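# A structural walkthrough
The lines below spell out each chain.
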Amino acid sequence: MPRLVAVSNRVADPRKTAAGGLAVALADALNASGGLWFGTSGQVVERDAGGTPGEAKVHLQRAGEVTLATVALSRDDHDAYYLGYSNGVLWPVFHYRLDLAEFDAGDIDGYRRVNRLFAHKLMPMLRPDDVIWVHDYHLIPLAAELRAIGSTHRIGFFLHIPLPPPLILAAIPQHEWLMRSLFAYDLVGFQSDADLQHFARYVRNEGRAKQRSDDVFHAFGRSVRARAFPIGIDVDEFDALMQGRDAQDTLATMREQYAKRKLLVGVDRLDYSKGLPQRVRAFRRLLERYPENHMSATLIQVASPSREDVDAYADIRRELEGLCGAINGEYGELDWMPVRYIHRTVARKRLPGLYRAARVGLVTPLRDGMNLVAKEYVAAQDPADPGVLVLSRFAGAAEQLGDDALLVNPYDTQGTADAIQHALRMPLDERRARHARLHARIRDHDVHRWHREFLQILKEDLG
Ligand code: GDG
């Protein structure tokens, strides 16, 4: 079996479950064939600007069957590639937020420089029959950089975030270059059919691509296969976490402390794509419009700190904190706080207990590639007395879970409040029936299937 080489912006030790979904998924794929995982260490080194390829040293570490290979970035490279282009341009535009994009001409140079650095550091470590799997928007041009220095490997790319429609994509000054870069891969994977349709429309209209078959596009002198591979979770791993002491303790504590309340839970990175202010406004509307929820409905919102050195993230934090404080001030009683807002990362081992304690799971992003929290919430429920998932129609997960979750438009405050009320009042037999179907779907489309299918198709010839 050829060796798998995974490449992503950050490398995490796959033996630590705290690392979360993607790390677990990649560890599973890498362990099967033995493999190499390449990326940054997350450390930033204060050294002279303009780091040229060859400057950074690769640090190697064994983690079971997997070799972790990491490089540390210089401050300038990190700021331009990570904060600037990846998270100041690509993240907002790919989430349809042109208003938040900050196009700074210098950042694209840093983005190219780091992708070139990755290629130069990775190439000497590669064996001829390695299969390479590149992850996410930080590394779109990596295959092109590898090809430029002679790589003939099978190289696949998976975009974890949405791909916007062509007219939005075209706001990025380098949109053509970015999309042309995708044709250096053999396989490009998206989260949803909607993303795939946006890709197909872009390359047909802007790149005059010829479609050679259902999923093979020819443009810029090369062919690429493009498909949707909706990512899933490791349901068994989540079940095991649910049985663990931390999750059970969390569940017991929640049930005791909120015995007379109905809990609603949200767990998100504090990111403007997650629709947190809109969610809190909908919760406030619920209290306004349906007063029977006073002294009862309690929203626990975990907002784990994220990218705090990007300005837009500090703004969203202030807005959210203001809203939560205002609701508690207006509706709170000595013995009831409507919103518990936690700006910290909760230990992963406790999450299943928190999810299970909640009658309603609120997953209402304004835009999301997939959203794994929706699937984790379903996985954690007690099938005999499950909670209800309220899900944004703008999450990639809605394509799979839309029939049995309560779908909402998060911009519609009243509509979302009505859906939450519907969830809170849903009878047990309906909750069970919806949950059984949702659970079957997340089990069928789990993370093992995701990487198995991607890698199998990556190894196939384009025909
Ligand atoms: C990107 C795409 C796509 C969150 N807070 C805490 C915590 N989390 C964990 C969740 C979940 C993960 O982080 C978040 O995954 P999401 O899928 O919801 O969102 P992104 O981080 O934006 O991920 C997304 C994903 O990539 C995979 O392809 O689905 O669309 O945006 O696992 O549980 N974990 C812990 N404490 C927290 O406070 N331990």
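Residues numbered from 1 in each chain as written. Predicted model: local features only at pLDDT ≥ 70, side-chain atom pairs only at ≥ 80, totals over all residues. Heavy atoms only, no water.

### Let's talk about the sheet that holds strand β11 (residues 262-269)
Counted only if it meets this: Strand pairing is assigned whenever DSSP identifies at least 2 bridges connecting the two strands. Strands here mean DSSP runs of E at least two residues long; helices mean DSSP runs of H or I at least four residues long; both are numbered from the N terminus. Structural elements are reduced to axes, namely lines fitted to C-alpha atoms, with helices fitted over the stretch in contact, and the angle between N-to-C directions of any two is expressed from 0 to 180 degrees.
With respect to topology, six strands assemble into an open sheet ordered β13-β12-β11-β14-β15-β16, the strand pairing being parallel. Edge positions in the open sheet fall to β13 (339-342) and β16 (406-408), since each of these has one partner strand only. Direction aside, the axes of adjacent strands within the sheet are offset by 20° on average. Of the pairings in the sheet, the one linking strand β15 (residues 388-392) to β16 comprises three bridges and is parallel in character.

### Quick word on the site of the ligand
Convention followed: For this purpose, a residue is taken to be near a molecule or strand whenever a single non-hydrogen atom of the residue falls within 4 Å of it. Polar contact criterion, stated in full: a pair of N or O atoms within 3.5 Å, where within protein one must be able to donate a hydrogen and the other to accept it, and residues adjacent in sequence count only if both atoms are side-chain atoms. Here the accessible surface of atoms and residues is derived via Shrake-Rupley with a 1.4 Å probe, and residues count as covered only by protein chains that are part of the display. Gly counts as polar in this scheme, as do all residues outside two lists: the nonpolar Ala, Val, Leu, Ile, Met, Phe, Trp, Tyr, Cys and Pro, and the charged Asp, Glu, Lys and Arg.
Taken together, 23 residues surround the ligand, and among them His160, Val346, Asp368, Leu372 and Glu376 come closest. At 2.8 Å, a side-chain N or O of arginine 269 approaches an oxygen atom of the ligand. At 2.5 Å from an oxygen atom of the ligand is found a side-chain nitrogen or oxygen belonging to aspartate 368. Considered on its own, the ligand offers 730 Å² of accessible surface; in the complex 87% of this is hidden by protein. For the shell around the ligand, the secondary-structure elements that each account for two or more residues are β11, β12 (297-304), α12 (351-357) and α13 (372-380). Partitioning the shell around the ligand into residue classes produces eleven nonpolar, six polar and six charged.

### Describing the sheet that holds strand β1 (residues 4-10)
This is how the line gets drawn: We call two residues in contact whenever any of their non-hydrogen atoms come within 4.5 Å of each other.
A sheet is described by the order of its strands in space; here ten strands give the open sequence β3-β4-β2-β1-β5-β6-β7-β10-β9-β8, paired in mixed fashion. Strands with a single pairing partner mark the edges of an open sheet, and in this sheet they are β3 (59-63) and β8 (210-213). The mean inter-strand angle of the sheet, taken between neighbouring strand axes irrespective of direction, is 25°. Sheet strands in contact with helix α3 (residues 105-122) are β1, β2 (35-45) and β4 (66-74), and its direction is about 135° off that of β2.

### Things to note about the side chain of arginine 3
Positionally, arginine 3 belongs in the segment before β1. A polar contact is formed between the side chain of arginine 3 and the backbone oxygen of methionine 125, at a distance of 3.0 Å. Of note is the side chain of arginine 3, whose polar atom sits 2.7 Å from the side chain of aspartate 130. Excluding residues that lie within four positions of it along the chain, arginine 3 makes contacts with Gly34, Gly35, Leu36, Met125, Leu126, Arg127, Asp129, Asp130 and Val131.

### Topic: the packing of helix α8 (residues 235-243) against helix α9 (residues 245-257)
Stated formally: To sort the angles, those under 35 degrees are grouped as roughly parallel, those over 145 as roughly antiparallel, those from 65 to 115 as roughly perpendicular, and the leftovers as oblique.
With their axes 4 Å apart at the nearest point, α8 and α9 run at an angle of 60° to one another. It follows from the interaxial angle that α8 and α9 lie oblique. Between α8 and α9, the contacting residues are Leu241, Met242 and Gln243 on the first element and Arg245, Ala247, Gln248 and Leu251 on the second. A per-class count over the contact of α8 with α9 returns four nonpolar, two polar and one charged.

### Some details on unusual backbone geometry
So the rule is basically this: With a 1.4 Å probe rolled over the protein chains alone, any residue whose accessible area is under 20% of its type maximum counts as buried; one over 50% counts as exposed, and the rest are partly exposed.
Phi at methionine 295 is positive, roughly 65°, even though this residue is not glycine. Here methionine 295 lies in the loop between α10 (276-289) and β12. Unlike most non-glycine residues, asparagine 371 shows phi in positive territory, near 95°. For asparagine 371, the position within the fold is in the loop between β14 (360-363) and α13. A residue is classified by how much of its surface remains accessible, and asparagine 371, at 6% relative accessible area, is buried.

### Examining the domain arrangement of the protein chain
The line we're drawing: Note that the domain bounds reflect an automated or database-derived domain assignment. Summed over both partners, the accessible area (1.4 Å probe) lost when two parts come together is defined as the buried area. We define a salt bridge as a contact between a side-chain nitrogen of Lys or Arg and a carboxyl oxygen of Asp or Glu at a distance within 4 Å.
For the protein chain, the domain assignment lists domain 1 (4-232 + 447-458) and domain 2 (235-444). Counting the surface lost from both domain 1 and domain 2, the interface buries some 2000 Å², and carbon and sulfur atoms represent 58% of this. Where domain 1 touches domain 2, the interface holds one salt bridge. Aspartate 444 serves as the salt-bridge partner of arginine 449, at 3.3 Å between the closest nitrogen and oxygen. Counting every contact that joins domain 1 to domain 2 gives eight residue pairs in polar contact (both at pLDDT 80 or more). Broken down by secondary-structure element, the contributors of at least two residues to the side of domain 1 that touches domain 2 are α1 (21-33), α2 (75-94) and α7 (193-205). Ranked by residues supplied to the side of domain 1 that touches domain 2, first place goes to α2 with five residues. Residues that form the side of domain 1 that touches domain 2 fall into these classes: 14 nonpolar, nine polar and three charged.

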